[in-house]
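Structural description and commentary
So the chains spell out like this:
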Amino acid sequence: MNLAAIAFTADGLALGRRLAAALPEDTLALSAGFGPDKVGFRTWTAENFPRRDGLVFIGATGIAVRAVAPHLVSKTSDPAVLVLDDLGRFCIPLVSGHLGGANALARRVAARLGATPVITTATDGHGLFAVDTWAKSQGLRILNPAGIKAVSSRLLAGETVRLRSRFPLAGRPPAGVTVTDEAPWDVSIDLGTREAPLCLVPRAVWVGAGCRRGVPAESLARSLEALLREAGVDRRALAGLCTIDRKADEPGLLALAESLGLPLTTYTAEQLRAVPGAFTASDFVRKTVGVDNVCERSAVLGSGGGRLIAKKHAEGGVTMALALADVVLRLEEEP
């Protein structure tokens, strides 16, 4: 994790140095909130909150609360925030305990420093299934975060949570969770349907694209949105954008990839020709770029040999297709 810590006493600064040494697998930038090299805690927070995976305040909890309060947006995007007393006795996850990883980080920090982790989230306190933590561990995106509370409330009330998954599940359901194909569901794992209080999607859909030279990004985006609607896929299920290497510098494709926050992966004509399967062939495309189809073949190749879930969609000089990578989700308990 990319971490930043600020200490407010000499003991706290010494503890911060111990913490950096105790977490060699992470990066930790340590600042002093006191003395001649003092950094204002509000300025420090404003600079680090948007660009770190976690913030560690070594001092009073009240300072941390005042510092982060103006920056809090959502449990799905806020970084983990921890508080350590300057003697290293207690480690408190203050913000983003589950999705931001603050609870897990607090346990790890406490174990390394010999501190006591102070975990206050109800599901953890009762030893119950934390659906948001599990979703993060499986690479699932949450379409409706408000549903997390509904699911946790059922578990805390001793009720059963009904889970339905389009994808294979390995392992045994944790206590309080039953897997079923019969509606109604409390949790649904699919590619974008919203038929449950909590809907999760894996990042497992790859977009294969081909286009005429100079096609604007807006045209590419419209084609993609039309294809996603037709296939019933939420854009948060997208994992990558693929094309032929001749389009590696295509401005529209590069802009589309940036807007989606996805990598643009390119393949040679030889690599695309070697992809097994039945594809929508075009003699014109073969003569132009050396392979009979770009969008379907590149989508399948990008997905690691997954299956096409939307074949070639052609519109305004743009062709696109979607392929779904193989997904197996692991439940918490082994058989």
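Calculation criteria
- Residues numbered from 1 in each chain as written.
- Predicted model: local features only at pLDDT ≥ 70, side-chain atom pairs only at ≥ 80, totals over all residues.
- Heavy atoms only, no water.
- Pairing = 2+ DSSP bridges.
- Helix = DSSP H or I, 4+ residues; strand = E, 2+ residues; numbered from the N terminus.
- Contact = heavy atoms within 4.5 Å.
- Axes fitted to C-alpha atoms, helices over the stretch in contact; angles between N-to-C directions.
- Buried < 20%, exposed > 50% of the residue type's maximum accessible area, 1.4 Å probe, protein only.
- Disulfide = S-S within 2.5 Å.
- Salt bridge = Lys/Arg side-chain N within 4 Å of Asp/Glu carboxyl O.
- Parallel < 35°, antiparallel > 145°, perpendicular 65-115°, else oblique.
- Left-handed = near helix turned anticlockwise from the far one by under 90°.
- Nonpolar A, V, L, I, M, F, W, Y, C, P; charged D, E, K, R; others polar.
- Arc of directions from axis to C-beta.

In sheet architecture, strand pairing relies on hydrogen bonds along the backbone and comes in two forms, parallel and antiparallel. As summarised here, the arrangement of the 6 strands in space is E2-E1-E3-E4-E5-E6, forming an open sheet in which the pairing is mixed. The sheet terminates laterally at strand E2 (27-32) and strand E6 (116-117), the two strands that pair on one side only. Note: strand E5 (residues 90-95) against E6, 2 bridges, orientation parallel. Bridging across to E6, Phe90 finds its partner in Thr116. Running over the sheet, helix H3 (residues 61-68) touches strand E3 (54-58), strand E4 (80-84) and E5 and is turned about 20° from E5. With respect to the sheet, helix H4 (residues 102-113) is in contact with strand E1 (2-7), E4, E5 and E6, its orientation differing from that of E4 by roughly 35°.

With that settled, the discussion passes to the environment of Leu220. Mapped onto the elements of the fold, Leu220 is located in helix H8 (residues 217-231). Residue classification places Leu220 among the buried residues on the basis of a relative accessible area of 0%. When the C-alpha atoms of Leu220 and Pro70 are compared, they prove to be 37 Å apart, with 150 residues separating the residues in sequence.

So, on to the state of the cysteines. Applying the stated criterion across every chain, the model contains 0 disulfides. Residue Cys242 stays outside any disulfide, its sulfur separated by 11 Å from that of Cys295, the closest cysteine. You can call Cys242 buried: its relative accessible area is 0%. Here Cys295 is not disulfide-linked; the sulfur of Cys211 is the nearest cysteine sulfur, at 11 Å.

This next bit is on unusual backbone geometry. Of note, the bond from Ala183 into Pro184 is cis; its omega dihedral lies within 30 degrees of zero at 5°. Tracing the sequence through the fold places Pro184 in the loop between strand E10 (177-179) and strand E11 (187-189). In the Ramachandran plot, Ser96 falls in the positive-phi region, its phi being about 60° despite a non-glycine side chain. Along the chain, the position of Ser96 falls in the loop between E5 and H4. You can call Ser96 buried: its relative accessible area is 10%.

Turning our attention to the pattern of salt bridges. This structure, assessed with the given rule, holds 16 salt bridges. Between Arg164 and Asp190 there is a salt bridge whose closest N-O contact spans 2.7 Å. You can see Arg164 sitting in strand E8 (residues 161-165) and its partner Asp190 sitting in the loop between E11 and strand E12 (198-202), a full 26 residues away along the chain. A single burial state applies to Arg164 and to Asp190, both of which are buried. The salt bridge partner of Lys311 is Glu296, with a shortest N-O separation of 3.9 Å. Of this pair, Lys311 sits in strand E16 (residues 307-315) while Glu296 sits in helix H12 (residues 295-302), and the two are 15 residues apart along the sequence. One network of salt bridges, in which partners are shared, links Glu25, Asp26, Arg108 and Arg112.

Attention now goes to the packing of helix H2 (residues 41-48) against H3. Two packed helices can be described by the angle between their axes and the distance between those axes. At their nearest, the axes of H2 and H3 sit 9 Å apart, and the two run at 55° to each other. One element, H2, and the other, H3, form an angle in the oblique class. At the point where H2 passes H3, the crossing takes the right-handed sense. On the side of H2, the interface is formed by Phe41, Arg42 and Thr45, while H3 contributes Ile63, Arg66, Ala67 and Val68. The class makeup of the residues in the contact of H2 with H3 is 4 nonpolar, 1 polar and 2 charged.

Where helix H9 (residues 251-260) is concerned, the buried positions are Gly252, Leu253, Leu256, Ala257 and Leu260. Taken end-on, H9 shows its buried residues confined to a sector of 135°, consistent with a single buried face. Away from the buried face of H9 by more than 90 degrees, exposed residues Pro251, Glu258 and Ser259 are located.

A sheet is described by the order of its strands in space; here 5 strands give the open sequence E15-E14-E13-E17-E16, paired in mixed fashion. Edge positions in the sheet fall to strand E15 (264-267) and E16, since each of these pairs with one other strand and no more. The sheet shows a mean angle of 25° between the axes of neighbouring strands, taken without regard to direction. Where strand E13 (residues 205-211) lies against strand E14 (residues 238-244), 4 bridges are found, and the strand directions are parallel. Bridging from a neighbouring strand, Trp206 pairs with Gly240 of E14. Set on the sheet, H9 makes contact with E13, E14, E15 and strand E17 (318-324); between it and E14 the angle comes to about 170°. Contacting E13, E14, E15, E16 and E17, H12 crosses the sheet at an angle of about 150° to E13.

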